[in-house]
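For reference, the chains in residue letters:
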Amino acid sequence: MKDSRIAAVDVGNDAVKANFGKMENAYYIPNVIARDMEDRPVIGIEDLDEKDPLDNLHIKVHSPALEENNAVYRVGTLATKTNNSTELDQGSSKSEEDQTLVMLFASIALDAVSSKSFKSGKNDTIDANYTLGTGLPLREVKEGKDVGYRSQLLGNVHQVEFLVTPQYQGIKVNIKFDEVKVYPEGFAAYVNLIMDNDLNVINKELIDKQILIQDIGGLSTDIAVIRNRTVDDDKAQGFPLGVAESLEEIRDEIRTRHGVELDSRRDVVDIITRKNDRHHIMVKGSRTNIHDITDRILLELAKKEYRNLRNVWQKNSQSEICYFVGGGSAVLKDYIKSLNNKLDGFNIDFFEDENESIWMMANAYYKLIMDYVKKNTPAETKEKATTEKK
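Residues numbered from 1 in each chain as written. Predicted model: local features only at pLDDT ≥ 70, side-chain atom pairs only at ≥ 80, totals over all residues. Heavy atoms only, no water.

Observations concerning the pattern of salt bridges
Right, so step 1: One pass over the structure, following the stated rule, counts 26 salt bridges.
Right, so step 2: A salt bridge links arginine 35 to glutamate 68, with the nearest nitrogen and oxygen atoms 2.3 Å apart. Taken together, the residues arginine 35 in strand β4 (residues 33-35) and glutamate 68 in the loop between β5 (57-62) and β6 (71-75) connect sequence positions 33 residues apart.
Right, so step 3: A salt bridge links arginine 310 to aspartate 344, with the nearest nitrogen and oxygen atoms 2.8 Å apart. Here the residue arginine 310 occupies a position in helix α8 (residues 291-315), and aspartate 344 occupies one in the loop between α9 (327-342) and β17 (348-350), the gap between them amounting to 34 residues.
Right, so step 4: Through salt bridges that share partners, Glu87, Glu248, Arg251 and Arg265 make up one connected network. (Salt bridge = Lys/Arg side-chain N within 4 Å of Asp/Glu carboxyl O. Helix = DSSP H or I, 4+ residues; strand = E, 2+ residues; numbered from the N terminus.)

What about the side chain of asparagine 363?
Right, so step 1: With respect to the helices, strands and loops of the structure, asparagine 363 is situated in helix α11 (residues 360-375).
Right, so step 2: Judged by relative accessible area, which is 18%, asparagine 363 ranks as buried.
Right, so step 3: Each residue touching asparagine 363, except ones within four places of it in the same chain, is listed here: Asn19, Met23 and Asn192. (Buried < 20%, exposed > 50% of the residue type's maximum accessible area, 1.4 Å probe, protein only. Contact = heavy atoms within 4.5 Å.)

Structural notes on the pairing of strand β14 (residues 280-283)
Right, so step 1: Bridge analysis of β14 against strand β15 (residues 286-289) gives four bridges, and the strand direction is antiparallel. Opposite isoleucine 281, over in β15, you have threonine 288 as the bridge partner.
Right, so step 2: Counting the residues in the hairpin turn of β14 and β15 gives two residues, including lysine 284, whose phi is positive at 50 degrees. (Pairing = 2+ DSSP bridges.)

Details of the nonpolar core
Right, so step 1: Among the nonpolar cores identified, the biggest contains 46 residues, and Val9, Val75, Tyr130, Phe162 and Val173 are the most heavily contacted of them.
Right, so step 2: For this core, the element with the highest residue contribution is helix α2 (residues 98-114), accounting for eleven residues.
Right, so step 3: Formed by 38 residues, the second largest nonpolar core is a distinct cluster that contains Ile223, Ile250, Trp313 and Phe350. (Core = buried A, V, L, I, M, F, W, Y, C linked by side-chain atoms within 4.5 Å.)

Re unusual backbone geometry
A negative phi holds for most residues other than glycine; trans holds for most peptide bonds.
Right, so step 1: The backbone of asparagine 70 shows a phi angle near 60 degrees, a positive value even though the residue is not glycine.
Right, so step 2: Mapped onto the elements of the fold, asparagine 70 is located in the loop between β5 and β6.
Right, so step 3: Judged by relative accessible area, which is 41%, asparagine 70 ranks as partly exposed.
Right, so step 4: In this structure, lysine 284 takes a positive phi of about 50 degrees despite not being glycine.
Right, so step 5: If you trace the backbone, lysine 284 turns up in the loop between β14 and β15.
Right, so step 6: Using a relative accessible area of 85% as the deciding quantity, one classes lysine 284 as exposed.

Some remarks on the domain arrangement of the protein chain
When the parts of a complex come together, some accessible area is lost, and that lost area is often used as the size of the interface.
Right, so step 1: For the protein chain, the domain assignment lists domain 1 (5-184) and domain 2 (187-242 + 295-372).
Right, so step 2: The C-alpha centroid of domain 2 is placed 27 Å from the C-alpha centroid of domain 1.
Right, so step 3: Opposite the 33 residues of domain 1 that make contact, domain 2 presents 29 residues.
Right, so step 4: Summed over both sides, the interface of domain 1 with domain 2 buries roughly 2400 Å², with 65% coming from carbon and sulfur.
Right, so step 5: At the junction of domain 1 with domain 2, the criterion picks out zero salt bridges.
Right, so step 6: The tally of links between domain 1 and domain 2 comes to seven residue pairs in polar contact (both at pLDDT 80 or more). (Domains from an automatic or database assignment. Buried area = accessible area lost by both parts, 1.4 Å probe. Polar contact = N/O pair within 3.5 Å; in protein donor to acceptor, adjacent residues only side chain to side chain.)

Quick look at the packing of aromatic side chains
Right, so step 1: Here the structure, examined in full by the defined rule, presents eight aromatic pairs.
Right, so step 2: Centroid distance phenylalanine 118 to tyrosine 130: 5.5 Å. Interplanar angle 50 degrees. Geometry classified as tilted. Placement of the pair is phenylalanine 118 in the loop between α2 and β7 (125-136) and tyrosine 130 in strand β7, with a sequence separation of twelve residues. In this structure, phenylalanine 118 and tyrosine 130 share a single accessibility class: buried.
Right, so step 3: With a centroid separation of 6.1 Å and an interplanar angle of 45 degrees, the aromatic rings of tyrosine 306 and phenylalanine 346 are classed as tilted. Taken together, the positions of tyrosine 306 in helix α8 and phenylalanine 346 in the loop between α9 and β17 put the pair 40 residues apart, joining distant regions of the chain.
Right, so step 4: By relative accessible area, tyrosine 306 is classed as buried at 3%.
Right, so step 5: Chaining the aromatic ring pairs together yields one cluster made of Phe20, Tyr27, Phe118 and Tyr130. (Phe/Tyr/Trp six-rings, centres within 6.5 Å; stacked < 30°, edge-to-face > 60°.)

Printed below as a string of structure tokens:
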């Protein structure tokens, strides 16, 4: 793994969060794709390179792991501006969707062209080797889907060609994985709670406690039971319940009642979580309160999430605290807190910094894959690195 670059990628149902190298590169990309043609029309094409590549990702993806090979996509923000964009649907498995792989490859290719780790070869082609840390919902790991997912990535070359993308137009990136580690999302959240980026133990008081971690995503919810510093596989539970369906319901009702078309579920999340003008939209130029729509739909979802917490806690009565993590927790935080105050009064905790909650998985994968690399680096390499520092 001498020339292998670290990649820690959380393909969340709402967005991809990815850390690379020594954390010098990090990307947040809405998990939205749209099929497109290779030569997409651009107004002001002569000014293309002055635009942000992250907002204008237009790629062609070749990979044996994909069902639809050699397809052209708009990715992320650019995809939200089309009328044929797709987001992951309720009931789908992250490990079995082309969209998961397209988003994974896109984020890695973006890092490869922007970092100084790899040199461009003939025909503007970059050969990029990565050691990847990523994850899947507990439910999919318990079903053994992590094995197939990992094997799809290892042993193959996955190519991303940048088409009409600022600064990177015409560049091809050949991605090869030297190692892929697929972690259960619940355990990753636990690791993030007890380790810092230098792999030092923090929050020592949590190490020997029995705790619950409820990770609310777009399409699923995982409740991990941590005891003896590991996930109790028999007690951990996954539920096909997430915020995506409720966000779509809010989006539909805004369209029906106010005639306002929001580009994607990401826009709904922004309306719910932003610091200013929360739960407000602009209707014909007028600031309009949509609290009645968001409160009714999100409270109903929060009740279902709370019911899941109650059922798991009853079966694990010696648990001391439950941490809520994930993008869905940021959306539902106020509703779940209110329900808990009125009902059981469980010892629960949220991350007040919503950004920390959203990035928790990507940061955890980074710590885990760095720990793996550290443990698997030959002793002579470590000794050489120490000598060079001196």
